[in-house]
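# Chain and residue survey
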Amino acid sequence: MIKNRLAYSFCLSSTIVLLGGVVALAQAPGSPQPPSMPGQQQAPTSPGAGIPGTGTGAYPATAPTGQDYSERAFVTKALEGGEAEVQLGQLAEQKSQSNDVKQFAQKMVSDHGQMDEKWLKPVAQQLGVSEPNGPSKKDKKEIARLGGLSGEDFDREYIMMMVKDHRQDLKDFKDEAQAAQDPSVKQVAEQGSNVISQHLQLIEQIAKNHNINVDSKEISSTK
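Notes on the structure in this doc start here. (Residues numbered from 1 in each chain as written. Predicted model: local features only at pLDDT ≥ 70, side-chain atom pairs only at ≥ 80, totals over all residues. Heavy atoms only, no water.)

### Focus: the overall build of the chain
To be explicit about the condition: Here a strand is any run of E in DSSP of at least two residues, a helix any run of H or I of at least four, and the numbering for each starts at the N terminus. Here the term buried applies to any residue with accessible area under 20% of the maximum for its type, exposed to any over 50%, and partly exposed to those in between, with areas from a 1.4 Å probe on protein chains only. Only heavy atoms enter the contact rule, under which two residues are in contact if any of them lie within 4.5 Å. To be clear on the numbers: accessible area is Shrake-Rupley with a 1.4 Å probe, and residue cover counts the displayed protein chains and nothing else.
A tally of helices and strands in the chain yields six helices and two strands. N-terminal to C-terminal, the α/β element order of the chain is α-α-α-α-α-α-β-β. By residue count, 30% of the 223 residues in the chain fall in the buried class. Long-range pairs, those at least 24 residues apart, make up 70% of the contacts in the chain between residues at least 6 apart in sequence. As presented, the chain carries roughly 14,800 Å² of accessible surface, and 54% of it is formed by carbon and sulfur atoms.

### Observations concerning the packing of aromatic side chains
To keep it simple, the criterion reads: Side-chain rings of Phe, Tyr and Trp, where Trp is taken by its six-membered ring, are said to pair if the distance between their centres is within 6.5 Å; with planes under 30 degrees apart they count as stacked, over 60 as edge-to-face, and otherwise as tilted.
One pass over the structure, following the stated rule, counts three aromatic pairs. Seen in terms of ring centroids, Phe74 and Phe173 are 5.0 Å apart; in terms of plane orientation they differ by 70°. Their pairing is edge-to-face. Taken together, the positions of Phe74 in helix H2 (residues 66-95) and Phe173 in helix H5 (residues 151-179) put the pair 99 residues apart, joining distant regions of the chain. Overall, the relative accessible area of 7% leaves Phe173 in the buried class. Taken together, a centroid distance of 6.5 Å and an interplanar angle of 70° make the contact between Phe104 and Tyr158 edge-to-face. Residue Phe104 is found in helix H3 (residues 99-127), and its partner Tyr158 is found in helix H5; the two are separated by 54 residues along the sequence. You can call Tyr158 buried: its relative accessible area is 0%. Aromatic ring contacts, followed pair by pair, group Phe104, Phe154 and Tyr158 into a single cluster.

### Details of the environment of Asp68
You can see Asp68 is positioned in helix H2. The spacing of Asp68 and Gln181 is 113 residues in sequence and 8.7 Å in space, taken between C-alpha atoms.

### Quick notes on helix H6 (residues 183-209)
Side chains of residues three or four places apart in an α-helix project in the same direction, reflecting 3.6 residues per turn. Here is the rule we go by: Take the number of residues in a helix, subtract one, and multiply by 1.5 Å to get its expected span. We call two N or O atoms a polar contact when they sit within 3.5 Å, provided that within protein one can donate a hydrogen and the other can accept it, with sequence-adjacent residues counted only if both atoms are side-chain atoms.
If you check H6, its first and last C-alpha atoms are 40 Å apart, about what 27 residues at 1.5 Å a residue would give, namely 39 Å. Against the buried residues of H6 lie H2, H3, H5 and strand S1 (212-213). At the N-terminal boundary of H6, the capping side chain belongs to Asp182, with an oxygen 2.9 Å from the backbone nitrogen of Ser184. Phi turns positive one or two residues past the end of H6, at Asn211, with a value near 60°.

### A look at the nonpolar core
One recurring pattern in soluble globular proteins is that nonpolar side chains are buried together. Just so we agree on the cut-off: Throughout this description, the term nonpolar core refers to a set of buried Ala, Val, Leu, Ile, Met, Phe, Trp, Tyr and Cys residues connected via side-chain atoms within 4.5 Å.
Val75, Tyr158, Ile159 and Ile203 are the most contacted members of the largest nonpolar core, which has 39 residues in total. Residue contributions to this core peak at 10 residues, all from H5. Excluding residues that lie within four positions of it along the chain, Tyr158 makes contacts with Leu88, Gly89, Ala92, Val101, Phe104, Ala105, Met108 and Leu146.

### What about the packing of H3 against H5?
Here is the rule we go by: Axes, fitted as lines to C-alpha atoms, cover a helix only where it is in contact. Angles between the N-to-C directions of the axes lie from 0 to 180 degrees. Roughly parallel refers to an angle under 35 degrees, roughly antiparallel to one over 145, roughly perpendicular to one between 65 and 115, and oblique to any angle outside these ranges. What makes a crossing left-handed is the near helix being turned counterclockwise from the far one by less than a right angle; a clockwise turn instead makes it right-handed. Just so you know the grouping, Ala, Val, Leu, Ile, Met, Phe, Trp, Tyr, Cys and Pro go in nonpolar, Asp, Glu, Lys and Arg go in charged, and all remaining residues, Gly too, go in polar.
Orientation of H3 relative to H5, taken along the N-to-C sense of each, is 40°, at an axis distance of 11 Å. It follows from the interaxial angle that H3 and H5 lie oblique. Crossing hand, H3 versus H5: left-handed. Of the residues in H5, those in contact with Val101, Phe104, Ala105, Met108 and His112 of H3 are Asp155, Tyr158, Ile159, Met162 and His166. Across the contact of H3 with H5, the residue classes tally to seven nonpolar, two polar and one charged.

Okay, structure coming up:
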C-alpha cells in the first residue's frame with residue numbers, strides 16, 4: 001500500500017514539473033506565439049511601424065516652408081497659363097484672318113500642350129499640387145473678350161496679348177529658375193524659359209509685321 005502511494009506521488013510530481021517547464025517555455029522571449037483563431041482580433045499595426053519617422057508616435061514630418069509654397073504656386077500658375085495659351089491658340093486658329101497669326105497659334109497649342117503634359121504635370125504630381133481646372137479667372141475673361149472680336153480687331157488684340165503675356169512669363173520662369181531649390185522645378189523653369197523666349201521672338205516679329213508697337217511698355221497698335 002505504501003509502495004503504491006510512493007509511486008503515485010512520484011508520477012504526480014513529474015507531471016507538475018513537466019507542465020511548469022511548458023509554461024516557462026511558452027513565456028520565454030522569442031518563443032513562437034500560437035496562431036490566431038478564426039475571428040480572433042489582433043491589435044492593428046500602424047503603417048510604417050518600426051521605421052524611423054513614420055507611424056504612430058513618430059517624429060513629425062518637416063512642415064512646408066515658404067520656399068515650398070512658392071514653388072507650388074509657380075507650378076500652378078504655369079499650368080493655368082499653359083492652358084490659357086492653348087485655348088487662346090485654338091481660338092486664333094478659328095478667328096484669325098492672317099496666316100502668320102494662325103501659324104503662331106498652332107505652335108502655341110502644340111508647344112504649351114506638350115509643356116503641360118510632359119513637364120509641368122509630372123512635377124505637379126511630384127509636389128502634390130492639384131491640377132487647376134483650366135485657365136485663371138482673369139485669363140478666362142480675356143478669352144471671352146477675344147471671342148467677341150473678329151478680323152483685324154481680333155488679330156491686333158491677340159498679338160498684343162501674346163507679346164505682353166510672354167514677356168511676363170519669361171520673367172517669371174527666369175526668376176523661378178534662379179530661386180527654385182527643387183531640382184525638378186528648376187529644370188522645368190529653365191527649359192520653359194528657353195521655349196517662351198523663342199515664342200516671344202516670333203510674336204514680336206509678327207507684331208512688327210502688323211504695325212503694332214511693342215517697343216514701349218504700353219503695347220499699342222500704330223494703326
